[in-house]
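Geometric and topological summary
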Amino acid sequence: MVSSGSRYSLHDDDESEIDETDEHAPLQDGEEEPPWWNIFRMVPIEEETGSAVEHPFYEASIKVLKVVVYFLTFGIVLGGCMVAKGTMLFMTAQLKMDKKLSYCDKNSGLGRSWSVEIPEIEKVAWTWCLFLAFTVPEVGTFVRSARLCFFKTLKRPTLAELATVAGLESLHTVGVAILVYAALPELDSVRALMLTNCVCLVPGLLGMISRHPEEPHRVLKLSMDAVALLLQVTGCIVWPVIEAGRGNYTAAWAIPSALVLTSVGWWENFVTEKRPVERRKKGEEFTIFESRPEGDDESGETGFAVGFLTFFQNLKWRLNKTRYVTYFFVSVWKVAVFFGMMVLLSYFRLEDLQGLFRDIKPSFANHTLIVNETGGSLNNDHSDATAFSSEFMETKPIESKWATPAYVWLVQLFAAYLAYITGKFACKICIQPFSFSLPVSLAVPCSLSLLLLFCGMRADDACCFNDSIPSYLFFECPSGDYIDSFMTEDMVWIWAMWLLSQVWITTHIWFPTSFRLAPTEKLFVTPMYNALLIDQSLALNRKRDEQLGLVGEGVDIEDTMERRPDDGMDSVSTRSNNEEESAVRHSDHITRILACATMWHEEKSEMLLMLQAVAHMDADQSARRCAQKYLQIVDKDYYHFKTHIFFDDAFEISDDETEEMQVVNRWVKQLCHCIEEACSNVHGVALALPPPVKTPTPYGGRLIYTLPGKTQIVVHLKDKSLIRHRKRWSQVMYMYYLLGFNLMEQPIDPERKEVIAENTYLLALDGDIDFLPDAVKLLVDLMKKNANLGAACGRIHPVGTGPMVWYQLFEYAIGHWFQKATEHMIGCVLCSPGCFSLFRARALMDDNVMKTYTTPASEARHYVQYDQGEDRWLCTLLLQRGYRVEYCAASDAYTHAPEGFNEFYNQRRRWVPSTMANILDLLASHSRTVKVNDNISTLYIMYQVMLMVGTVLGPGTIFLMLVGSFNAAFGISNWDSLIYNSIPVFIFMFACMTMSSKIQLMIAQLLTAVYMVVMVIVIIGMALQFAEEGLESPSAIFFMATMGSFVATALLHPLEFYCLPALVVYYITVPSMYFLLIVYSFTNMNNVTWGTREVAVKTRKSKEEQEAEKKALEAAKKQPGGIMGFLSQFNSGAKEEEGSVDFSLGNVFRCMCCTYPKANDEREQLKRIADSIDNINKRMDSIEGGGLGRRRTTSRSSVRSAMSAIKESAGDETEGDTSDDLSAAESEEKIVTKKRDLLRNPLWIEDEMFADKGNVELLSTKEIDFWNDLIKAYLFPLIEDKAEKARIATELEELRSKVCLFFFMINLVFVVAIFNLQLHQDELHLNWPFGAMHEITYSEDASGRSIKIAITYLQLEPIGFIFVLFFAVILLIQFTAMLFHRFGTISQILSLVTLNWCSSKKEQSSTDLLMKEGIKMVTQMQKASVRQASVSSGEGGGRQLDRRKTISRLADEKRKSRKITFSLDDNFKQTLEDLDEVGEAAGGRLTSANLRMSMNKRRATIKAIQDRRKSVAEHRRMSRMNSMSGAAMRSHVSTPSTSSQQYPLAPYTRTSHDGGYDNGVFQDSGEDSDYDRPQRA
């Protein structure tokens, strides 16, 4: 029966309204207000642990570091662009025809001036340097494209697309060649520099005609586009006309052609991407350059001719999918075209074209130049002066400086590359406006200033740069008073217009919208850059944001969700979208995070940590939703969030023996209490959540809690008698439910499912994990950065106390610092731990991943690989499928570590064999994996082989270390040391093979304590050895290098430096953890139990136990036979009595003194019990054979209940009548056999914890069928088969024997080999060249005095030295990879830091202020109305108490102890209403003191909120008016139209009504509310 307070509904879509209560609200059910005499408190001292620890100094240091990075990247980008542009102009200046330059000769005396003319051999070198400067980035493009083409499956372009792109790139290449080989050499360097601001002609034109009709301020922007375009056109007219008037016809034709053709190269960035279609709908608008159709067909569609712009839009869409295959060929073609243009233009500029190839080597070597003495000005062409110069002036040869052109080219190469990578780094960490856009825009003005300065200095003194630049080389400076001539004759003032026009055309670089740490493909259009025009290339190649700015509800994900009442499941909208050409909707791209936690027997403190992390996620998601919904703040990090907790073994037998079904166990009840407590801890108030919705399911049950932020916690209660338990099967359960049922069963287009799966992530959690929303956000950033990323994990920190936790603290640290960082950098992370990892849904749903993960263990190795390390196996499947797994060091999570020795050993007993099994599986399939996964190379496989060898030989290495340490520390021989160390080893191995696990762990603990003492002695012995052999010995070098790497790495991880002191515990426990633990793990491979958190469960007696008890009672009733039975007859009366003195000889005789009757007739009681059991068995047989169709557990329950009734009647002194027993049993049977439906009224929903609370919702038929089919296919409870169990046990023992034998033999051979080499070290050794000992001997004999010097080298046995070198190489690889990974981590951390130091809020616009601080503001506002003023003395018990306010504090805490119910969304709306009531007279201040305390914001912030509030209201008012007018117009149209046509630009719709609690991840709404209409900016 179900309590009357519960309400049933098959499909209840009504969202429970939770009204906010004030402080005088009535108490919750069951809550008693403490009396005034009992309000005194004992406040516990709260210690900050895990994610609650604050690091103010670290946060301040990161901000300071970001300021330094701001200015450093600004300087590098600006300097790189200036140097690259300057060296390019320097190279082009040397190509000028008949170039003459004043020459500095300090040895010629005063009053003499010289000039030098650049010979053709010198020009050959500069010609090739320009070619190399253009070629190197193209080679980089080719290499990058080749790598991706060979190691990834990419789409191939059509021949027409390839030809089109090649043609466009050819035009660009021809333009660049004409620019650097013809146009710029004909101009002086100053005007050549200015001319580079005129290469934006085609981008300006395409950007103007591609503007969207709905773009805000479109008319103004088009006007500015037209002005900028006209200014760019003047660059093609003004100077060519001037140069033509001067007779410089080369510049006249080269300048316009070069500018126009060069600008073609950036066409793609300024064309709006458009998916190609073959047909257009009737009445659809056509863009410019498209021809309109002449007729319509009957279908309402019309044909059209693809116009110019549409063709390029379609080409851009295809090119995004085929770029690397296209540029694999195009990059080579561009080099060939540039080479051809170089040869062609050199034909006209060089006297001998063959010299271009013949003089390559001589041009870069020393060659002769002719220096002529001049009588006056270098440009004096008077005939008398010329004649005088030729007759009287001196001429002399000079030697050029070899390789000067090569040095200039190298400087240009590295400067351009440095500017490119630094600029890309600035874009990745979100400092683009200051550190990328500003320096790129200032490159030409700053270069111009320096160039004018340098020209002026050299005009005054030809020897000014003699120490740095050869005197025969310099820029081509303008002659005469170039300031006046520029302003009048050359119209140089127009350059400022060109610069402004370039800034306008590239204005997109000032407003970046890319996400953090975006890949290169998201930041730049083409893979590399143009080194000859580096600043223009960076600005024009930086991708534009093509999506219109959606504001407010336009990006609210809940607007796209609906609940389908016909099947009761989360579903995606199936409404057609006629406005979009693609089936994919904008809402499909929104991030969906499904947190999936597995629980079993976690403690309360552990549950609280995980649930508090979920509550933080709930508050964060609510703040982001409210910011978009009410303030229309576009949030790129918005996400949907829902939590699923899968509780294993959640049921136990009921104490009520009349019930056949089970009830929830104490851990489930503990979880339910913790959910409310966790939310209260997060929000700082005593919180009462609405009662959970209870749902009976085929696998047990489901509880749905709604949190204050409207996200849900769905607790799936698993009954292990109905569904398979353990962690792997819980993962299978949520994968198939969330991805298979909730997503794939949706009746939508497969293309939409593909996009949704791409942006849906499963957050795998353990029940004791602790994290913050920022940690999840960092993992999502990695997922967005790389679409091929299948899984990402964070930095796991162990939490706990005791020596075992100290050891794990350092073990986890070096595991993440070195191992995971190295795997991330040179390959893929092999294990993304299930305690805190993010998995991409699409990757899990791929072939050979999720399906293979359901494979049951049927062989011995399967139990080790599949069930003992399920998270590592899942990652292995992802890697073998071709996906990447990454590690994010900045994403911190905290998990409880084993604190006891036995628990730790049992945990690692599972981990060690499963780790090696999965790595061996990956190595065995390495050829196929390397071919499929482009992130795993053969070198990475070799690295893993090295680690595997080190792991296998680790125990032998530790054993040899102990042998050597005993020898050094105690001064005993090698043989004695070997014997002493072998004894405990063999004892422990024997115990592991023959004794129970309990005894093994006792011996391991004893040996660990002994080895810890030994290791302390070893450390002292090593110090003595270092003192004797010197610090140059190999052991000392290796030890110092290892310790130094640990310290250096800890310094690079400042927040984790506290792990370093744990190195002491780690070091002294090395023998235990790397020797005893390995032995224990492999010798217990046949033990596949979990080993941790295992507790005894409540059970009832089985039928076998009842049968055994029955037989015992029957035996008690029978009399012994034979002579013993005969003699016992004489003793029958004695059995009814007892005596104070009693002795007997068996049953032969018995003597009692001072007898008295027994208190109870035990014999009669046993007889009655036996008879009752006989009756029970008869009725049980009749029940089981009566066709009731019940499960076996039902029969057992009935029997137990009947037994209970019989036992109660068994206490009567009389036997009773048989008919009475039978009638009592029949009446009992009527109670026991009452029927319950598992899917309608199971016993657990009537638990006192859930009774009369919340609704009961029943599953739809479709979902019931799904669960039944899933259980039948993969999750049916395993039926214990004794034969099968014996077979698996035998196979596990055989596997253990094989592995242990191999393991023992390989280490034995290794130890024997090394030990024998040590014994014969004098005969076979290597001399260590460092730290040799010198022994000097003085002797004197008859022949005289003699001095003998003996050099003694340290002797190294070869194999041991190779092994030490082997570990040194691994350490070097890991340390180097750690440095690179650390740089990436710092970049990720810096990308999250926001600075407001350089701008006050008064100076910022309201939009900028909201964009920067909107989420933080909303987070505070949604808590404002419920945050009660807290007295500092009442928090944490660690602050100083204000004794003068003790009574007030106690009264306030009594008031706050009342539990309240609230919604964060309602709190935010209430705060907005309070803001609306604030008048101008208040000066922008909140009238409520509570709100002032909670907001703590300045006037500008409040003003920004008010302005945005008014703007949103106005937008929605206009939207309602348009909706009403549109509805009136449609009422006169005969053809019906969908409601979505009212808002053709709105990608999102809304389902949940105001104050609702629905936040389904795969839901989609069918209608919009007026308040929630999406608007576009």
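What counts as what
Residues numbered from 1 in each chain as written. Predicted model: local features only at pLDDT ≥ 70, side-chain atom pairs only at ≥ 80, totals over all residues. Heavy atoms only, no water. Pairing = 2+ DSSP bridges. Helix = DSSP H or I, 4+ residues; strand = E, 2+ residues; numbered from the N terminus. Axes fitted to C-alpha atoms, helices over the stretch in contact; angles between N-to-C directions. pLDDT = per-residue confidence, 0-100. Contact = heavy atoms within 4.5 Å. 1 Å grid on protein atoms, 1.4 Å probe; cavity = no way out; pocket = protein on both sides within 12 Å on 5 of 7 lines; lining within 4 Å. Points joined across faces, edges and corners; volume = space filled by probe spheres on them. Nonpolar A, V, L, I, M, F, W, Y, C, P; charged D, E, K, R; others polar. Phe/Tyr/Trp six-rings, centres within 6.5 Å; stacked < 30°, edge-to-face > 60°. Buried < 20%, exposed > 50% of the residue type's maximum accessible area, 1.4 Å probe, protein only. Lys NZ or Arg CZ within 6 Å of the ring centre and 35° of its normal. Disulfide = S-S within 2.5 Å.

On to the sheet that holds strand S2 (residues 100–103). Adjacent strands of a sheet form backbone hydrogen bonds with each other and so pair up, either parallel or antiparallel. Within the open sheet, the four strands sit side by side as S2-S3-S6-S7. Their pairing is antiparallel. The outermost strands of the open sheet, each flanked by one partner alone, are S2 and strand S7 (395–399). Along the sheet, successive strands turn relative to each other by an average axial angle of 35 degrees, direction set aside. When S2 meets strand S3 (residues 113–117), the two strands line up antiparallel, connected through four bridges.

It is worth spelling out the confidence of the model for the protein chain at this point. Per-residue pLDDT for the protein chain averages 78, and the proportion of residues at 70 or more is 72%. Residue range residues 1–30 is modelled with pLDDT below 50. Its contacts to residues more than four positions away, or to other chains, number 70 contacts.

With that settled, consider empty space enclosed by the protein. This model, assessed by the stated rule, comprises 17 cavities of 30 Å³ or more. Volume-wise, the largest cavity comes out at about 190 Å³. In this structure, the largest cavity is lined by 17 residues; those nearest its centre are Glu 138, Lys 334, Thr 526, Tyr 529 and Asn 530. Of all the elements in the fold, those that place two or more residues in the lining of the largest cavity are helix H2 (120–151), helix H3 (159–183), helix H9 (308–349) and helix H18 (534–541). Broken down by element, the lining of the largest cavity gets its largest block of residues, four residues, from H2. Of the residues assigned to the lining of the largest cavity, the class counts are seven nonpolar, seven polar and three charged. By volume, the second largest cavity is sized at about 120 Å³. Contributing to the lining of the second largest cavity are 15 residues, with Ile 593, Asp 637, Tyr 639, Lys 777 and Val 780 lying nearest its centre. Listing elements by their share of the lining of the second largest cavity, those giving two or more residues are strand S11 (591–599), helix H19 (604–631) and helix H23 (773–785). With seven residues, the single largest contributor to the lining of the second largest cavity is H23. Its residues assigned to classes, the lining of the second largest cavity shows six nonpolar, one polar and eight charged.

Bringing the packing of aromatic side chains into the picture now. Going through the model one piece at a time under the given rule, you end up with 55 aromatic pairs. Relative to Phe 434, the ring of Tyr 70 lies with its centre 5.7 Å away and its plane at 70 degrees, an arrangement referred to as edge-to-face. Taken together, the positions of Tyr 70 in helix H1 (residues 56–93) and Phe 434 in helix H14 (residues 432–460) put the pair 364 residues apart, joining distant regions of the chain. For Phe 434, a relative accessible area of 28% puts it in the partly exposed group. Ring centres 5.4 Å apart and planes at 25 degrees place the aromatic pair Phe 425 and Phe 1383 in the stacked group. Note that Phe 425 is positioned in helix H13 (residues 404–428) and Phe 1383 in helix H45 (residues 1358–1392), a separation of 958 residues in sequence. Judged by relative accessible area, which is 52%, Phe 1383 ranks as exposed. Linked through ring pairs, Tyr 807, Phe 810, Phe 818, Phe 901, Phe 904, Tyr 905, Phe 1046, Tyr 1066, Tyr 1074 and Tyr 1080 together constitute an aromatic cluster. The ring of Phe 474 carries the charged tip of Arg 458 above its face, separated from the ring centre by 5.0 Å.

Throughout the structure, instances matching the rule amount to two disulfides. Here Cys 104 connects covalently by a disulfide to Cys 463, the sulfurs 1.5 Å from one another. The S-S bond linking Cys 104 to Cys 463 shows a torsion near 95 degrees; that makes this disulfide right-handed. Of this pair, Cys 104 sits in the loop between S2 and S3 while Cys 463 is found in the loop between H14 and helix H15 (482–488), placing the two residues 359 residues apart along the sequence. With a sulfur-sulfur separation of 2.2 Å, Cys 455 is cross-linked through a disulfide to Cys 477. Because the torsion about its S-S bond is -80 degrees, the bridge between Cys 455 and Cys 477 counts as left-handed.

Quick look at helix H7 (residues 238–245) now. Three or four residues apart is the spacing at which side chains of an α-helix point the same way, because the helix has 3.6 residues per turn. Residues of H7 that are buried include every one of Val 238, Trp 239, Pro 240, Ile 242 and Glu 243, and no others. Taken together, the buried residues of H7 touch helix H4 (189–195), helix H6 (218–235), helix H8 (249–263) and helix H16 (494–505). Following H7 by one or two positions, Gly 247 has its phi on the positive side, about 90 degrees.

The next subject is the pairing of strand S17 (residues 712–718). Counting buried residues in S17 gives seven out of seven residues, a clear majority hidden from the surface. With burial as the criterion, each face of S17 is covered, one bearing Gln 712, Val 714, His 716 and Lys 718 and the other bearing Ile 713, Val 715 and Leu 717. Pairing of strand S12 (residues 639–647) with S17 involves five bridges; the strand directions are parallel. Within S17, the residue paired with His 644 across the bridge is Val 714. Pairing between strand S16 (residues 700–706) and S17: seven bridges, direction antiparallel.

Attention now moves to the pairing of strand S18 (residues 760–766). Residues in a regular strand point their side chains to alternate faces of the sheet. Within S18, seven of the seven residues are buried, which leaves it mostly tucked inside the rest of the structure. Alternating residues of S18 divide into Thr 760, Leu 762, Ala 764 and Asp 766 and Tyr 761, Leu 763 and Leu 765, and every residue in both groups is buried. Examined bridge by bridge, S11 and S18 share seven bridges and lie parallel to one another. In the strand pairing of S18, Cys 596 is matched with Ala 764. For S18 and strand S21 (residues 836–840), the ladder comprises five bridges, and the chain directions are antiparallel. Counted as the bridge partner of Leu 763 is Leu 838 from S21.

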